[in-house]
Amino acid sequence: MVCVSALDEPLKKILGGTTAKVMAEHLGLHTVGDLLHHYPRKYAERGELTRLSDLPLDEHVTVVARVADARVLKFNNGRGQRLEVTLTDGSGRLQLVFFGKGIHKPHKDLLPGRRAMFAGKVSVFNRKLQLAHPEYALLDGEGGEGGEEAVDAFAGRLMPIYPACQQMASWKIGKAVDAVLPSAGEALDPLPAALREGRALLPLPEALEKIHRPRTKADIEDARSRLKWDEAFVLQVALARRRLAETQLPATPRPLTPGGLLDAFDAKLPFTLTDGQQKVSREIFDDLATDHPMHRLLQGEVGSGKTMVALRAMLAVVDTGGQAAMLAPTEVLAQQHHRSITEMMGELAEGGMLGGAEHGTKVVLLTGSMGAAARRQALLDLVTGEAGIVIGTHALIEDKVQFHDLGLVVVDEQHRFGVEQRDALRGKGKQPPHLLVMTATPIPRTVAMTVFGDLETSVLDQLPAGRSPITSHVVPAKEKPHFLARAWERVREEVESGHQAYVVCPRIGDEEDAPKAKGAKKKDAEEAAAGEDKRPPLAVLDVAGQLVKGPLAGLRVEALHGRMHPDDKDAVMRRFAAGEVDALVATTVIEVGVNVPNATAMVIMDADRFGVSQLHQLRGRVGRGSAPGLCLLVSEMPEASPARARLAAVAGTLDGFELSRIDLEQRREGDVLGQAQSGARTSLRMLAVIEDEQVIEAAREEATAVVAADPELAGHPELRIALQALLDAEREQYLDKG
């Protein structure tokens with residue numbers, strides 16, 4: 001957040017090259033300021049660290065415990081040896097394992113009765129928790145790395161536990177922080193004095209001191225409150241300035257035109273729009289009628305009718321003489337949208353053609369794999385204005401593509417596009433076009449305020465009539481193999497009753513599997529002995545082959561994945577949509593936009609390797625017709641693991657907003673901004689987007705007021721500097737391009 005000389009100092013100067021290199025490569029920390037903003041994730045009091053009974057699986061942990069016993073065992077027919085050390089702390093036991101040449105030092109150090117601090121990643125082997133090759137610092141006896149000091153730090157105060165990595169344990173980060181902490185006094189404070197005093201927040205240097213070296217729990221709370229405000233406020237100022245700048249841009253108003261395409265389309269709809277669709281459409285039409293560009297985020301569950309709302313907005317723009325472009329992330333999805341939109345419009349999509357309606361317009365498709373003649377015709381239709389609606393992939397963005405009068409850009413599945421791609425398309429209007437961004441990934445309100453704070457938000461939360469319920473179950477393939485056999489029987493039953501199924505795998509499984517490096521076999525043997533789950537994710541090509549020979553023998557099974565030629569992909573999808581394929585084994589290419597109402601079952605292999613929101617997206621592909629849907633989440637992870645808890649949450653609710661909250665609560669703080677913004681390392685280190693709703697709302701109000709009174713922030717030089725630090729080149733581009 002802060003950006004001044006002492007805090008801009010490279011870590012190399014203060015910590016030396018080796019430590020600085022590890023911090024840069026593995027923790028993304030480059031300067032003194034970066035390290036000062038690398039906050040402890042928790043604090044240990046004397047004895048509090050030692051609860052071995054509460055260790056989280058798959059996380060880097062720091063524990064303090066006593067060695068109960070240590071023994072050397074042989075494996076691999078006596079060719080390999082490993083040291084197994086059992087730790088205890090009264091609440092539970094933990095096994096450590098060291099291999100090969102790495103066993104000599106710990107064998108000498110870790111004698112029964114010794115007390116030490118250990119850091120490593122928790123895994124499971126033979127149903128027991130363990131750390132493989134942990135780092136350690138002795139807390140008693142000879143040979144401790146500054147053993148007495150460590151005991152003193154441990155005994156004398158709250159001990160910060162930092163987010164660490166295999167190459168840099170928490171206590172080493174703590175030592176590095178000690179070296180740079182004197183620089184905290186030079187931190188510039190971005191919060192206006194009136195705001196800080198009005199809300200009784202600590203000055204920034206004091207907050208940094210207290211977050212790293214608290215004397216009491218109250219110190220930690222005060223520091224956290226202050227640092228959360230920094231993050232929330234500086235980000236909300238960036239977004240408030242963005243919103244203000246948007247209102248200054250000119251745009252061509254596109255008011256509703258009675259008696260045009262939109263009215264003709266509405267008149268021939270065979271169903272009534274839901275209340276939600278009507279409400280959201282009104283919000284969009286109001287925005288389109290103004291003389292500055294609409295910036296709206298439309299979120300709605302898979303199948304809530306977002307495409308219908310977007311199409312009505314596009315028709316409204318065509319009625320004013322403008323054109324609308326819809327940007328889809330993949331060719332399969334662009335073709336799907338083109339098919340469904342031309343079907344919905346019927347003769348209205350055949351403007352200028354024999355049998356087309358007099359109000360009609362042309363709806364053209366533009367993708368990278370089109371033939372030269374079709375492409376030439378599409379480009380001509382766009383530049384002359386003959387085509388009112390164009391649907392395409394990033395091929396729409398190329399320099400050759402010119403519009404007659406681009407009035408609206410609809411971006412489908414916003415998170416799949418680079419900033420430059422969206423910006424290039426928006427740059428093709430004579431004036432900035434209106435922008436509608438659609439996502440089927442539900443976003444909790446505070447996240448929308450934080451991540452998409454420069455967009456107004458509309459939510460579609462009703463499913464149209466005719467959508468069927470989906471039942472979801474977790475299939476524990478390792479513990480209960482007969483459950484997996486039953487899953488394939490269920491797929492057969494669905495097919496026998498005239499329906500179809502998807503089987504989703506995390507990987508393709510062809511040339512992406514590189515040959516093993518020298519020494520990899522030995523490493524595999526060690527990892528197997530250590531119980532690490534290094535099994536590669538299940539692959540489409542392997543699973544499809546096994547199903548054809550085994551449980552789905554006799555059914556029409558085909559594979560679909562992203563590395564197929566676009567024509568082949570489209571051919572497979574057409575066959576599946578036409579009912580000529582019983583089971584489609586695919587990667588997540590089916591995640592968005594594939595609409596086959598007859599598909600009622602989905603089996604997701606290695607489901608624990610997908611995120612909560614992604615599983616919800618995938619599941620939305622079934623139950624799209626009148627028959628109920630079934631989703632089976634197959635996993636080999638143990639029941640007690642966090643991965644299985646995630647799957648149970650997905651199986652337990654169909655509410656995407658509830659799942660997105662769970663998803664965020666389970667991810668580490670701040671992931672959301674890094675993922676949904678530019679992919680750069682997130683700036684949210686302290687703010688938890690779900691828990692800190694009140695801070696975010698208050699910061700948004702304060703930021704809006706500050707920016708309204710002083711848009712250039714001339715009276716707030718420290719805040720300007722903090723903004724520059726937040727909006728590094730990449731993120732600034734992101735915010736600028738909406």
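Residues numbered from 1 in each chain as written. Predicted model: local features only at pLDDT ≥ 70, side-chain atom pairs only at ≥ 80, totals over all residues. Heavy atoms only, no water.

This next bit is on the overall build of the protein. Tallying secondary structure elements over the protein gives 28 helices and 21 strands in all. Residues counted as buried form 54% of the 738 residues belonging to the protein. In the protein, of all internal contacts separated by at least 6 residues, the share reaching a separation of at least 24 is 75%. Counting every atom, the protein has about 31,700 Å² of accessible surface; 51% of that belongs to carbon and sulfur. (Helix = DSSP H or I, 4+ residues; strand = E, 2+ residues; numbered from the N terminus. Buried < 20%, exposed > 50% of the residue type's maximum accessible area, 1.4 Å probe, protein only. Contact = heavy atoms within 4.5 Å. Areas by Shrake-Rupley, 256 points an atom, 1.4 Å probe, with all protein chains shown as cover.)

This part is about the packing of aromatic side chains. Per the stated rule, a full pass over the model turns up four aromatic pairs. Both rings, one in Phe 98 and one in Tyr 136, keep their centres 6.4 Å apart while their planes meet at 85°; by these two values the pair is edge-to-face. On the criterion of sequence distance, the pair formed by Phe 98 in strand β4 (residues 93–99) and Tyr 136 in strand β7 (residues 135–138) is long-range, its members being 38 residues apart. (Phe/Tyr/Trp six-rings, centres within 6.5 Å; stacked < 30°, edge-to-face > 60°.)

One finds Met 314, Met 345, Ile 389 and Leu 408 to be the most contacted residues of the largest nonpolar core, which totals 39 residues. Here the element with the most residues in this core is helix α13 (residues 306–319); it accounts for ten residues. One finds Val 32, Leu 202, Ile 220 and Ala 223 within the second-largest nonpolar core, a separate group that totals 34 residues. (Core = buried A, V, L, I, M, F, W, Y, C linked by side-chain atoms within 4.5 Å.)

Taken as a whole, this structure holds 31 salt bridges when the rule is applied. Between Arg 312 and Asp 266 there is a salt bridge, and its shortest N-O distance comes to 2.8 Å. Of this pair, Arg 312 sits in helix α13 while Asp 266 sits in helix α11 (residues 261–267), and the two are 46 residues apart along the sequence. Put simply, Glu 558 and Arg 575 hold a salt bridge, and the shortest N to O gap is 2.7 Å. Of this pair, Glu 558 sits in strand β18 (residues 557–560) while Arg 575 sits in helix α21 (residues 566–577); the two residues are 17 residues apart in sequence, bridging distant segments of the chain. Owing to a relative accessible area of 23%, Glu 558 belongs among the partly exposed residues under this scheme. A residue is classified by how much of its surface remains accessible, and Arg 575, at 29% relative accessible area, is partly exposed. Each of Arg 486, Glu 489, Arg 490, Glu 493 and Glu 494 takes part in salt bridges that share partners, so that together they form one network. (Salt bridge = Lys/Arg side-chain N within 4 Å of Asp/Glu carboxyl O.)

For the rest of this paragraph, the subject is the pairing of strand β10 (residues 323–327). Across the five residues of β10, five count as buried, placing the element largely inside the fold. Burial along β10 is two-sided: the residues Gln 323, Ala 325 and Leu 327 and Ala 324 and Met 326 are all buried. Of the strand pairs in this sheet, β10 and strand β12 (residues 387–392) are connected by four bridges, and their pairing is parallel. Bridge pairing links Met 326 to Ile 391 in β12. (Pairing = 2+ DSSP bridges.)

Next up on the list: the side chain of Arg 82. Considering the arrangement of structural elements, one finds Arg 82 in strand β3 (residues 80–88). Side-chain polar atoms of Arg 82 contact the side chain of Glu 84, separated by 3.0 Å. (Polar contact = N/O pair within 3.5 Å; in protein donor to acceptor, adjacent residues only side chain to side chain.)

A word on the pairing of strand β19 (residues 583–586). Burial along β19 is two-sided: the residues Ala 583 and Val 585 and Leu 584 and Ala 586 are all buried. Looking at chain direction, strand β17 (residues 500–504) and β19 are connected through four bridges and run parallel. Residue pairing for β19: Ala 501 is matched across the bridge by Ala 583. As for the winding sense of the linkage, the β-α-β connection from β18 through α21 to β19 is right-handed. (Right-handed = clockwise from strand over helix to strand, strands pointing away.)

We now examine the sheet that holds strand β20 (residues 599–604). On the basis of which strands lie adjacent, the open sheet formed by six strands has the order β16-β21-β20-β17-β19-β18 and parallel pairing. Only two strands of the sheet have a single neighbouring strand rather than two, namely β16 (470–476) and β18. Direction aside, neighbouring strands of the sheet carry axes that sit 20° apart on average. Here four bridges tie β20 to strand β21 (residues 629–635), and the two strands are oriented parallel to one another. The residue of β21 that forms the bridge with Met 602 is Cys 631. Contacts from helix α22 (residues 612–619) reach β16, β17, β20 and β21, with the element oriented near 150° to β20. (Axes fitted to C-alpha atoms, helices over the stretch in contact; angles between N-to-C directions.)

Two strands in a sheet stick together by hydrogen bonds in their backbones, pointing the same way (parallel) or opposite ways (antiparallel). What the seven strands build is an open sheet, ordered β11-β12-β10-β13-β14-β9-β15; its pairing is parallel. Each having just a single partner strand, β11 (362–366) and β15 (456–460) make up the two edges of the open sheet. Strand after strand, the sheet turns through a mean of 20° between neighbouring axes, direction not considered. Where strand β9 (residues 295–300) meets β15, five bridges bridge the pair, whose relative direction is parallel. Across the sheet, residue Arg 296 finds its bridge partner in β15, namely Glu 456. Contacting β10, β11, β12 and β13 (406–412), helix α14 (residues 331–345) runs over the sheet at an angle of about 170° to β11.

A few words now on the environment of Ala 601. Of note, Ala 601 is situated in strand β20. Setting aside its immediate chain neighbours within four residues, Ala 601 contacts Glu 494, Gln 500, Ala 501, Tyr 502, Val 622 and Leu 630.

In this fold, Asp 405 is placed in the loop between β12 and β13. For Asp 405, the residues in contact, after removing those within four places along its chain, are Arg 254, Gly 321, Gly 322, Gln 323 and Lys 430.

Positive phi, normally seen in glycine, also occurs at Ala 200, with a value near 50°. Among the secondary structure elements, Ala 200 is positioned in the loop between α8 (193–198) and α9 (204–212). Judged by its relative accessible area of 69%, Ala 200 is exposed. Even without a glycine there, the phi angle at Asp 606 is positive, about 50°. Among the secondary structure elements, Asp 606 is positioned in the loop between β20 and α22. A relative accessible area of 2% means that Asp 606 is categorised as buried.

Moving on, we get to the environment of Thr 86. Here Thr 86 lies in strand β3. The exposure class of Thr 86 is buried, given its relative accessible area of 15%. Each C-alpha atom, one on Thr 86 and one on Asp 69, is 5.4 Å from the other, the two residues being 17 residues apart in sequence. The contact partners of Thr 86, leaving out residues within four places of it in the chain, are Arg 66, Val 67, Ala 68, Asp 69, Arg 93 and Leu 94.

Further remarks concern the confidence of the model for the protein. Mean pLDDT over the protein stands at 82; residues scoring 70 or higher make up 83%. Here residues 668–682 is a poorly scored stretch, pLDDT under 50, and it has 43 contacts once near neighbours within four places are set aside; other chains count. Across residues 732–738, where pLDDT falls below 50, the model places 24 contacts with residues more than four positions away in sequence or in other chains. (pLDDT = per-residue confidence, 0-100.)

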